[in-house]
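# Descriptive structure summary
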Amino acid sequence: MSTIVFRLDITQIFCDVDDFCHQWSNLWRQVPQLPSTMGEKRSKSRMHLSEVMTIVIAFHGSGYKTFKEFYTLHVLPGWREAFPNLVSYTRFVELMPWCLMLLCCFLHTRTGEITGISFIDSTPINVCHNCRAHSHKVFKGLVKWGKNSVGWHFGFKLHLIINDCGELVAFSLTPANVDDRKPVPDMTKDLIGNASCFSSRRSANKSAEPPNALAQLFGDRGYISQKLFEELYERGLQLVTKSKKKMKNRLVKLIDKILLRKRAVIESVNDHLKNICQIEHSRHRSPFNFLVNLMAGLAAYTYLPKKPSIDIYPKDLPALPPAIF
């Protein structure tokens, strides 16, 4: 059997998750967690939810293709010293939905810094092969057919916003038939600001930035909308997209043209999420475990030591006058 190489620091993940769970322990014991029905007793286990969350996140950086293989071949025989209260695989699958609420909250604490330059895109999350869509029952009423440049797909659509360092800033999950522009206003609520709120690592180049510079959001042609542009602009966020062939030519700053070409960085992030963190597969038997898998995959991505990023500042282009930036 080939050697599995872990990409994540499991100790760091457990420390972060355990500290988070201790801070929220008093709150989540009083609030019903998903899934929950009236009069339902809280699930009890000798395993702590922080341990469950750590193992679920660790799977997405393990290199294993299935969680069952990871848990039975790696966790049970090799991690019993670190997790002395391990339960059987069947019992662990039953515990996974109970960490959904905490996992969602924890993921929001792992979002990246708002740097003033952001990229937005969406990627399909298929729940089954297209030929089996007519008989699919697990997500009945929750998923729809969608179409992109690749073709038709059946499932959800994951909307992402990242900064120029490849860090997750915001995300949203919708049915596959939802227009890319619809969730943008809600996803960009925290992306408002001017040059004074840019990260400290840009402070050396502040002299090259115009006063009251708008934060910028770069997207593909699917986000073209005059109404959306005006709505975001009023909140201090400039939406920058490429023009369609039939649209009139317009003046665009050189730095904006360069950043539009760098928009492919978010496509690399989508590739990392699907091929390294494995957020997409068609073996889900429960909507709750699907959400746990998705949230854990996104959380695992935040721990990757190397993320797709860009590095383009005025210091790298000394021959160009500061006015173009």
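Residues numbered from 1 in each chain as written. Predicted model: local features only at pLDDT ≥ 70, side-chain atom pairs only at ≥ 80, totals over all residues. Heavy atoms only, no water.

### Some words on the overall build of the protein
When you go through the protein residue by residue, the secondary structure sums to 10 helices and six strands. Buried residues in the protein amount to 47% of all 325 residues. Taking the intrachain contacts of the protein between residues at least 6 apart in sequence as the baseline, contacts between residues at least 24 apart amount to 70%. Split by element, the accessible area of the protein, about 17,500 Å² in all, is 54% carbon and sulfur. (Helix = DSSP H or I, 4+ residues; strand = E, 2+ residues; numbered from the N terminus. Buried < 20%, exposed > 50% of the residue type's maximum accessible area, 1.4 Å probe, protein only. Contact = heavy atoms within 4.5 Å. Areas by Shrake-Rupley, 256 points an atom, 1.4 Å probe, with all protein chains shown as cover.)

### Here's the deal with the pairing of strand β4 (residues 168-175)
By the criterion of burial, β4 is predominantly enclosed, with six of the eight residues buried. In sequence, strand β3 (residues 152-163) turns back onto β4 through a hairpin of four residues, with G166 there showing a positive phi of about 80°. (Pairing = 2+ DSSP bridges.)

### Quick look at a positive patch on the surface
Among the surface-exposed residues, R221, K242, K245, K257 and R261 lie close enough to one another that they form a single positively charged patch. One can find K257 in helix α8 (residues 254-261). (Patch = residues over 30% accessible without salt bridge, like charges linked within 9 Å, V, L, I, M, F, W, Y side chains within 5 Å. Salt bridge = Lys/Arg side-chain N within 4 Å of Asp/Glu carboxyl O. Lys, Arg positive; Asp, Glu negative; His and termini not counted. Charge placed at Lys NZ, Arg CZ, Asp CG, Glu CD.)

### Re the nonpolar core
Formed by 72 residues in total, the largest nonpolar core has its most connected members in I55, I57, F70, F92, L160 and L298. Of all the elements, helix α10 (residues 287-302) adds the most residues to this core, at nine residues. Excluding anything up to four places from it in sequence, I55 contacts M47, F67, F70, Y71, V75, W79, F83, L86 and F92. Counting 14 residues, the second largest nonpolar core, distinct from the first, contains I161, A215, L217 and L237. (Core = buried A, V, L, I, M, F, W, Y, C linked by side-chain atoms within 4.5 Å.)

### Brief notes about the state of the cysteines
Overall, the coordinates contain zero disulfides when judged by the stated rule. C99 carries a free sulfur, and the closest cysteine sulfur to it, the one in C21, is 8.8 Å from it. (Disulfide = S-S within 2.5 Å.)

### Digging into the packing of aromatic side chains
Applying the stated criterion across every chain yields a total of 20 aromatic pairs. An angle of 35° between the planes, with centres 5.9 Å apart, marks the rings of W79 and F83 as tilted. Aromatic side chains F156 and F290 sit 5.0 Å apart centroid to centroid with 15° between the ring planes, which places their arrangement in the stacked category. One end of the pair, F156, is in strand β3; the other, F290, is in helix α10, and 134 residues separate them in sequence. For F156, a relative accessible area of 8% corresponds to the buried category. Grouped by ring-pair contacts, the aromatic residues F14, F59, Y64, F67, F70, Y71, W79, F83, Y89 and F92 constitute a single cluster. Taking the ring centre of Y303 as reference, the NZ or CZ of R110 above it sits at 3.8 Å. (Phe/Tyr/Trp six-rings, centres within 6.5 Å; stacked < 30°, edge-to-face > 60°. Lys NZ or Arg CZ within 6 Å of the ring centre and 35° of its normal.)

### Brief notes about the confidence of the model for the protein
Summing up the model confidence of the protein, the mean pLDDT is 83 and the portion of residues at 70 or higher is 82%. This model gives residues 194-212 a pLDDT under 50, and the stretch forms 34 contacts once residues within four places in sequence are excluded. (pLDDT = per-residue confidence, 0-100.)

### With respect to the environment of R283
By secondary structure assignment, the location of R283 is in the loop between α9 (265-275) and α10. For R283 and V127, which are 156 residues apart along the polypeptide, the C-alpha to C-alpha distance reads 7.8 Å. With residues near it in sequence (within four places) discarded, R283 still touches K65 and T66.

### Describing the pattern of salt bridges
Side-chain pairs of opposite charge can arise where the charged atoms are in close proximity. Applying the stated criterion across every chain yields a total of seven salt bridges. With a closest N to O distance of 3.9 Å, D16 and R110 form a salt bridge. Here D16, found in helix α1 (residues 10-28), pairs with R110, found in the loop between α5 (100-108) and β1 (117-126); they are 94 residues apart in sequence, far enough to count as distant. By relative accessible area, which is 23% here, R110 ends up partly exposed. A salt bridge links K157 to D180; the nearest nitrogen and oxygen atoms lie 3.0 Å apart. Of the two residues, K157 sits in strand β3 while D180 sits in the loop between β4 and α6 (184-187), which places them 23 residues apart along the sequence.

### Some points on a negative patch on the surface
There is a patch of like negative charges on the surface, built from D186, E230, E231 and E234. No other element matches helix α7 (residues 226-234), which puts three residues into the negative patch. Mapped onto the secondary structure, E234 falls in helix α7.

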